[in-house]
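Take a look at the letters that make up each chain.
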Amino acid sequence: MRTPIIAGNWKLNNTISEAVSLTTALKPLVAGCRDVEIIVAPPFTALASVSSTIAGSNIRLAAQDVYSEDSGAFTGEVSVPMLKDVGCGYVIIGHSERRQYFGETNESVNQKVKAVLGHGLKPIICVGEQLEDRESGQTEAVIESHVTGGIAGLSATDLASSVIAYEPIWAIGTGKTATPEQAQEVHAFIRGLLAAAHSAEVASQIRIQYGGSVKPENASALMAQPDVDGALVGGASLEAESFAQIVKFDQ
Ligand code: 13P
């Protein structure tokens, strides 16, 4: 079955020393967790130090974004080979904040997803509707365009090693979590889209995370839903104790 995957997206937070303190505190708290994949996504500047800090532990490294080209005249960008070199196994792609503030589109997401998979890393592809979309009955249309746009042209093998993160924008950083039923409804819809794109068998292997105000108090109810396979955690991942409690959602 699908191994639960809990990732902490630190966003624009933590200097190198803060990042090292946070991961040093986190390591012993989650050291005994075996049947869950644990990921942290520090800002680019802290990737190398966090990579050394978590070496030999059960915590894995993700970047929060990447560029689709391997090298060249692209000032300010970071490539997949660079992320691989620093120890990243995952890359978050198409986060709503990147779509909203930095012009990320389904097309650029798709190019980045292909670049990441091409180098053997795993993309965490973010999708999610705004409050107006939900209120006007557009949730499924928005999710469908994010999912089908993001995974366009992927082989079954590539798709199976990808992760989808459903993050309703109205739930991000607002303290307003989707109810477990609301999350399950969209996750089941996403799995249906994945099945339509390839097959039910491929779709059944893909992990779908929920993100948006995940906290120790609501993590187990969300994770108990049949199509919720993990969490993408923002605010609550900035504190070792609360992130560890989410990682231990089933204890
Ligand atoms: P919060 O957990 O702070 O709501 O953020 C969710 C998120 O955007 C994770 O990528």
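In this report, we go over the structure that sits alongside the text.

Moving on to the overall build of the chain. Helix and strand counts for the chain stand at twelve helices and eight strands. In terms of overall dimensions, the chain is globule-like: its C-alpha atoms have a radius of gyration of 17 Å, near the 18 Å expected for 251 residues. Judged by the C-alpha coordinates and their principal axes, the chain covers about 45 × 45 × 35 Å. A total of 251 residues make up the chain; the buried ones form 53% of that total. Of the accessible surface of the chain, which amounts to about 10,700 Å², a share of 52% is contributed by carbon and sulfur atoms. Computing the positive centroid from 17 side-chain charges and the negative centroid from 28, the chain places the two 5 Å apart.

Ordered in space as S1-S2-S3-S4-S5-S6-S7-S8, the eight strands form a closed barrel in which the pairing is parallel. Recorded for the sheet is a direction-independent mean angle of 25 degrees between the axes of neighbouring strands. Direction of pairing for strand S4 (residues 88-93) relative to strand S5 (residues 122-127): parallel, over a ladder of four bridges. In the sheet register, isoleucine 93 faces S5, and the bridge partner there is isoleucine 125.

Taken together, 13 residues lie near the ligand, and Lys11, His95, Gly173, Ser213 and Gly235 sit nearest. Glutamate 167 places a side-chain nitrogen or oxygen 2.9 Å from an oxygen atom of the ligand. Serine 213 is positioned with one of its backbone polar atoms (N or O) 2.8 Å from an oxygen atom of the ligand. A per-class count over the shell around the ligand returns four nonpolar, seven polar and two charged.

Over its 15 residues, helix H1 (residues 16-30) extends 21 Å from the first C-alpha to the last, a length consistent with the 21 Å expected when each residue adds 1.5 Å. Among the residues of H1, Ala19, Leu22, Thr23, Leu26 and Val30 are the ones counted as buried. Buried residues along H1 cover an arc of 95 degrees about the axis, so they all sit on one side. Structural note: H1 exposes Ser17 and Pro28 on the side pointing more than 90 degrees away from its buried face. Among the structural elements, strand S2 (37-41), helix H2 (47-54), strand S3 (59-63) and helix H12 (240-247) are those in contact with the buried residues of H1.

A few words now on the packing of H1 against H12. Where H1 meets H12, the axes come as close as 9 Å, and the angle between the chain directions of the two elements is 35 degrees. When the axes of H1 and H12 are compared, the crossing they make is right-handed. Contacts between H1 and H12 pair Leu22, Ala25, Leu26, Leu29 and Val30 from the former with Ala240, Glu241, Phe243, Ala244 and Val247 from the latter. Across the contact of H1 with H12, the residue classes break down as nine nonpolar, no polar and one charged.

Attention now goes to the pairing of strand S6 (residues 163-166). Burial along S6 is two-sided: Val163 and Ala165 and Ile164 and Tyr166, pointing in opposite directions, are all buried. Sheet topology places S5 next to S6; four bridges connect them, and they run parallel. Bridge assignment links isoleucine 124 to a residue of S6, and that residue is valine 163. Inspection of the sheet shows S6 paired to strand S7 (residues 207-211) by four bridges, in the parallel sense.

Conventions adopted
- Residues numbered from 1 in each chain as written.
- Predicted model: local features only at pLDDT ≥ 70, side-chain atom pairs only at ≥ 80, totals over all residues.
- Heavy atoms only, no water.
- Helix = DSSP H or I, 4+ residues; strand = E, 2+ residues; numbered from the N terminus.
- Rg over C-alpha atoms; globule rule 2.2 N^0.38 Å.
- Buried < 20%, exposed > 50% of the residue type's maximum accessible area, 1.4 Å probe, protein only.
- Areas by Shrake-Rupley, 256 points an atom, 1.4 Å probe, with all protein chains shown as cover.
- Lys, Arg positive; Asp, Glu negative; His and termini not counted.
- Charge placed at Lys NZ, Arg CZ, Asp CG, Glu CD.
- Pairing = 2+ DSSP bridges.
- Axes fitted to C-alpha atoms, helices over the stretch in contact; angles between N-to-C directions.
- Near = heavy atom within 4 Å.
- Polar contact = N/O pair within 3.5 Å; in protein donor to acceptor, adjacent residues only side chain to side chain.
- Nonpolar A, V, L, I, M, F, W, Y, C, P; charged D, E, K, R; others polar.
- Expected span 1.5 Å × (residues − 1).
- Arc of directions from axis to C-beta.
- Contact = heavy atoms within 4.5 Å.
- Left-handed = near helix turned anticlockwise from the far one by under 90°.

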